[in-house]
Each structure stands twice: as structure tokens, then as C-alpha cells.
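# Chains, contacts and geometry: an overview
Spelled out from the first residue to the last, the chains are:
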Amino acid sequence: MNDTPAISVEHLSLRYGGVTALDDVTLNVERGSVLAVVGRNGAGKSSLLQCMLGLTVPQSGHSQLLGCPSLDLTDDVKARLGYVSQSPELFEWLRVGEQISLIGGLYPNWSEELARALCVRFSIAEDMKVRTLSLGEKQRLAIVIALAHQPDLLVFDEPVASLDPVGRRDFLRALFEHEARDGEPVTVVISSHLLEDLERIATHVLFLEKGRVQLIGGRDELAERVQLAVTAHAIAPQAGLLKSRQLAADEWQHVVDTRALADGALPPDTALRALSLGDLFEALNT
Amino acid sequence: MNILFVIEPSTATPIYRQIVDQVARAVAAGSTQPGDELPSVRAVAERYAINPMTVSKAYSLLESQGLVERRRGMGMVIRAAAPAAMDTRLALLKPAIDHAVAVSRQLGLTDEEALAAMRDALAELNAHDTTKSAKKDRP
């Protein structure tokens, strides 16, 4: 077993125009984990994924994929990587079946059988022209291609935005149908606004806000540790206090990391409430 | 054994915890028998479209709690064990009671009214059970 993280990102910063897309982002993605990347529009989700993949060059900082610098990926690492962007680039003039065979020829680990099975499952007719597919169908075709070469690392940038609920469930199931080459579970990084889908599969969650890491951790650990408290007064900024918001004259809402918060930081008898991913997202972003 | 899990992703309870709680409740209630097999990790993951690692985590926790054991060639089976002690069963009931108490407070019910409602619900259930199990012959 290999202990190198599947992805490691150190002090990534990216600016274009006057906009800061990423601001000193540092994180590791362990092999076999499923990292959900969430945040409001413009929080830096796509920028982060593109920097990880070496598709965008950051102003500072660096990242590695499967132990290889993102800006200098070897053919071997590229072959172990599956990526689906928000608007998949496909060969519009080909038929679906031709596109699949053409791409398949480029990958050493390609499974034609898996590709055909996924097409059936995602209801994509192989004799259709790629040009005539809807956006949802194009996304599904890109997902089929990403999965059928059985990569060790899958990166999805809002892959299911155009899929219906049944298609989305099928997509979630398909993620776990093959193992990485070393027999370990596949590593997945997925950005999405569909928190209920993410909740089904994520082992880890990264909350981005304005290009910064707002919160990152194991999903189950966060659920047990990060909670909501309501108090009658403001609480001074301190370790473990992730976000505070005034709801009314005598009502303050706080997102707290119960393990990092000092004893006595909250008034005695303050009720704490556990949060779903959706509730936590809202509490952190309002 | 065909445990039908109810997986609710959009709640504050992590999915592994939902699985653990539901198996523990089924065991405590006696609706499973020792030797009953849990569905495989893969089957549960596939059915509910969840991460197999989450199911593994739940099963490992159940194993460490002594509720299930791993059997070669069979997967996870419910362990032969004494029926859950009273305090275990009460502990499993506590979250539901807490919820009912919170709702009764929100509705502005008095303690007496809430208790009466609980007694009524139990009486209703008992009446139903009596008619249903009239022929049942249990030692």
C-alpha cells in the first residue's frame, strides 16, 4: 500500500484580473477517500480542481497528483486519472460508439465491456451523433468515458447538474464499481451543489469560501464535532468559533467546533444542535 | 435476513450511525435471530447508493459492540446473545422519547397531557396486539 496522498496541495493562490480565486489553499486527499468540495458560486471550487489537475497555473504554491507534480504529469499518471468538467469536451462530429472506441484506444486499462454497460445504464444510444446529445447526455457520456478506463483517481466538477434523480443515483453507484490498481478503493474528488448526493458518498468535506479553506474534515467527524449554538449575546472571536451571525437583538447563532472551543466559551446550558450537511453549509455561508 | 434500512442523507445523523442504530434496534427488539446474516456491504451500498466504506464502518462498529460477528464465507451474522438488558433497550428508546418531549413542548402541552398521550398510544397498541396475538401460544 502506498501512503503518498492521492492529492496534496500546498499554499495554492490563484488570481485573475482583480479576482482572488484561491487564497493560500493547503490540503491533502488521502487515497480511497471521497472528498466533496462545496461552496457558493465563485468560492473557488472549479479553480481548485483545475489547479490540482494542472489545467490552470497558480501564481504561487504547488500541488501533486498521485505523487507527481500537477504541472508536469507523466503519461502514466494521466492514464490513472479520470476527469469530467462542467462542460465536457467531446468530438461533436462522431457517433457515441465511435467516440467511446476512439478514446478507449488511448487508455491501457480501458474496459470496452464496462463502457457498453454504462451506456446502457445511463441510457445513451451508441448510434447517436454526439452533436445531437443534450447537455445531460453529454455529461453522462463524459462520465462513462471517465469511468470505463478504470482510473485510480476521479475528479468531477459538478458532474451531475444536468442529470435527473435516477441518473444521479446511478452515477453514485457507478463510482464504487471498480477498485484502484493497488486493490484499494478509488479516490474521488467531486464538487457539487447537490448536498444530499454528496452526503451519500463523501468521506471528507471541504468548505470553500472566497477562495479560502473555511472548514475541512471527515464527514462523520464533522457531524459529531461541528454544531450550532444559539446565545443571547455575542461571543468574541476565538479558536473553535467558526461563524457567528446575529439573528435578532438578543439572538446570536454560532457554528462551533466543540472540540476546539475552550471550556466556558458558551454560557452554561447553551443547547447545541447537530447539523446536516445542508444546514452546516447554510450556517457557514450566511 | 432482510433488514430494510431507512437511509436519510439530509439529516444530522451520519449514515453509518443510522445503520448501526437500526441494526441495534432490530436486535434489541428481537426481530432478528442469532445467526441471521446481514446483507453484504456491497449489496447495501448498491441498494441505497451510498459509499461501501460507510457500510463497512457501520458493520465494524456493530462487530466491536458485540452485536454481530464476521463468519468465514458468510459475512456478518447476528451473534447469539442474551436479549438486550432493560437499560440497553431504554437507552435505545431515549432519542425517540426526547423527540416526543421536544415536540410536546413546542405544542405547549402540559407534562400531564403529554404523558396521557403516551399512555393512550400504548393502550391502543396493546389492544391491537391482544386481538392479533389471541391465538399465539408463547411460554
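A short tour of the structure in this document, coming up. (Residues numbered from 1 in each chain as written. Chains lettered and ligands numbered in written order. Predicted model: local features only at pLDDT ≥ 70, side-chain atom pairs only at ≥ 80, totals over all residues. Heavy atoms only, no water.)

## Some details on the packing of aromatic side chains
Any two aromatic rings considered together are summarised by their centre-to-centre distance and by the angle between their planes. What counts is decided by this rule: Stacked, tilted and edge-to-face pairs are distinguished by plane angle, under 30 degrees for stacked and over 60 for edge-to-face with tilted covering the rest, among Phe, Tyr and Trp rings (Trp via its six-membered ring) whose centres lie within 6.5 Å. Labels follow the DSSP assignment, with helices taken as runs of H or I lasting at least four residues and strands as runs of E lasting at least two, numbered in each case from the N terminus. The buried label goes to any residue with under 20% of its type's maximum accessible area, the exposed label to any with over 50%, and the partly exposed label to all in between, with areas taken from a 1.4 Å probe on protein chains only. For a ring to carry a charge above it, either NZ of a lysine or CZ of an arginine must fall within 6 Å of the ring centroid while also lying within 35 degrees of the normal to the ring plane.
On inspection of all chains with the given rule, the structure shows 3 aromatic pairs over all chains. Between the aromatic rings of phenylalanine 156 of chain A and phenylalanine 171 of chain A, the centroid separation amounts to 5.0 Å while the plane-to-plane angle is 85°, which identifies the pairing as edge-to-face. Of this pair, phenylalanine 156 of chain A sits in strand S7 (residues 153–157) while phenylalanine 171 of chain A sits in helix H6 (residues 165–174), and the two are 15 residues apart along the sequence. By the burial criterion, phenylalanine 156 of chain A is buried, and phenylalanine 171 of chain A matches it. Ring geometry for phenylalanine 5 of chain B and tyrosine 48 of chain B: centres 6.3 Å apart, planes at 70°, overall edge-to-face. You can see phenylalanine 5 of chain B sitting in the segment before helix H1 (15–29) and its partner tyrosine 48 of chain B sitting in helix H2 (residues 41–48), a full 43 residues away along the chain. By the burial criterion, phenylalanine 5 of chain B is buried, and tyrosine 48 of chain B matches it. Looking at lysine 57 of chain B, its charged tip hangs above the ring of tyrosine 16 of chain B, at a distance of 4.2 Å from the centre.

## Structural notes on the pairing of strand S12 (residues 241–248) of chain A
Residues and elements named next belong to chain A. Keep this limit in mind: When DSSP locates at least two bridges between a pair of strands, those strands are taken to pair.
Pairing analysis gives 6 bridges linking S12 to strand S13 (residues 251–257), with the strands arranged antiparallel. Residue pairing in the sheet places serine 244 in a bridge with histidine 254 of S13. Hairpin connection from S12 to S13: 2 residues lie between these consecutive antiparallel strands.

## Overview of the packing of helix H3 (residues 96–104) of chain A against helix H5 (residues 135–148) of chain A
Residue and element names in this part refer to chain A. What counts here: To get an axis, fit a line to the C-alpha atoms, keeping to the stretch in contact for a helix; angles then go from 0 to 180 degrees between the N-to-C directions. Throughout this description, any angle smaller than 35 degrees is read as roughly parallel, any larger than 145 degrees as roughly antiparallel, any in the 65 to 115 degree range as roughly perpendicular, and the remainder as oblique. Each crossing gets its hand from how the near helix is turned against the far one by less than a right angle, where anticlockwise is left-handed and clockwise is right-handed. We call two residues contacting when some pair of their heavy atoms lies within 4.5 Å. In this classification, the charged set is Asp, Glu, Lys and Arg, the nonpolar set is Ala, Val, Leu, Ile, Met, Phe, Trp, Tyr, Cys and Pro, and all remaining amino acids, among them Gly, are polar.
Running from amino to carboxyl end, H3 crosses H5 at an angle of 30°, the nearest separation of the two axes being 10 Å. When the axes of H3 and H5 are compared, the pair comes out roughly parallel. Pair H3 / H5 crosses with right-handed handedness. The residues of H5 that touch H3, namely those facing Val96, Gln99, Ile100 and Ile103, are Leu141, Val144 and Ile145. Here the contact of H3 with H5 is composed, by residue class, of 6 nonpolar, 1 polar and no charged.

## As for the sheet that holds strand S8 (residues 187–191) of chain A
Residues and elements named next belong to chain A. In space, the 6 strands of this open sheet follow the order S6-S7-S8-S3-S9-S10, with mixed pairing throughout. Single-partner strands in this sheet number two, and they are strand S6 (81–84) and strand S10 (212–218). Along the sheet, successive strands turn relative to each other by an average axial angle of 10°, direction set aside. Where strand S9 (residues 204–209) lies against S10, 6 bridges are found, and the strand directions are antiparallel. Residue pairing in the sheet places leucine 208 in a bridge with valine 213 of S10.

## Considerations on the interface of chain A and chain B
Keep this limit in mind: Two parts lose some accessible area (1.4 Å probe) when they are put together, and adding that loss for both gives the buried area. Within this document, salt bridges are pairs made up of a side-chain nitrogen of Lys or Arg and a carboxyl oxygen of Asp or Glu, the two lying within 4 Å of each other. Each polar contact in these results corresponds to two N or O atoms within 3.5 Å; when the atoms are within protein, one needs to be able to donate a hydrogen and the other to accept it, and residues that are neighboring in sequence are counted only if both atoms are side-chain atoms.
Contacts between the two partners involve 21 residues from chain A and, on the opposite side, 17 residues from chain B. On the chain A side of the contact with chain B, Arg173, Phe176 and Arg200 of chain A bury the most area, a combined 38% of that side's loss. Across the contact surface, chain A and chain B share 1 salt bridge. In this structure, aspartate 220 of chain A and lysine 57 of chain B form a salt bridge, with 2.7 Å as the shortest nitrogen-oxygen distance. Between the two partners, chain A and chain B, sit 8 residue pairs in polar contact (both at pLDDT 80 or more). Looking at the side of chain A that touches chain B, the elements with two or more residues in it are H6, helix H7 (195–201) and helix H8 (219–225) of chain A. A class-by-class count of the residues in the side of chain A that touches chain B yields 8 nonpolar, 3 polar and 10 charged.

## Remarks on H3 of chain A
All names here are of chain A. Note the following rule: Within this analysis, the arc is defined by the directions that extend from the helix axis to the C-beta atoms.
Within H3, burial applies to Val96, Gly97, Gln99, Ile100, Ile103 and Gly104. The arc that holds every buried residue of H3, seen down its axis, measures 160°, which confines them to one face. Summarising the contacts, the buried residues of H3 are in contact with helix H4 (112–121) and H5.

## Re helix H1 (residues 45–52) of chain A
Turn by turn, an α-helix covers 3.6 residues, leaving residues three or four places apart pointing in a common direction. Residues and elements named next belong to chain A. Burial analysis of H1 places 6 of its 8 residues in the buried class, which makes it a mostly covered element. Restricting attention to buried positions, one finds in H1 the residues Lys45, Ser47, Leu48, Leu49, Cys51 and Met52. Directly beyond the C-terminal end of H1, a positive phi value near 80° is found at glycine 54.

## A look at the layout of surface pockets
A probe as big as a water molecule, rolled over the atoms, marks out the empty space that is left. Let me state the cut-off plainly: Cavities and pockets are defined on a 1 Å grid built over the protein atoms alone: a cavity is a set of grid points where a 1.4 Å probe fits but cannot escape, while a pocket is an open set with protein on both sides within 12 Å along at least five of seven lines, and lining residues are those with an atom within 4 Å of any such point. Grid points are joined across faces, edges and corners, and a volume is the space filled by probe spheres set on the points.
Of the volumes computed, that of the largest pocket is approximately 810 Å³. Taken together, 26 residues form the lining of the largest pocket, with Tyr83, Glu89, Ile103, Tyr107 and Ile145 of chain A sitting closest to its centre. Each residue belonging to the lining of the largest pocket can be placed in one class, and the counts come to 15 nonpolar, 8 polar and 3 charged. Reported here for the second largest pocket is a volume of approximately 640 Å³. Surrounding the second largest pocket, 20 residues form its lining, Thr11, Ala12, Thr13, Pro95 and His99 of chain B being those nearest its centre. Those elements that provide at least two residues to the lining of the second largest pocket are strand S14 (272–274) of chain A together with H1 and helix H4 (86–106) of chain B. Per element, the largest residue contribution to the lining of the second largest pocket is 6 residues, and it comes from H4 of chain B. Across the lining of the second largest pocket, the residue classes break down as 8 nonpolar, 7 polar and 5 charged.

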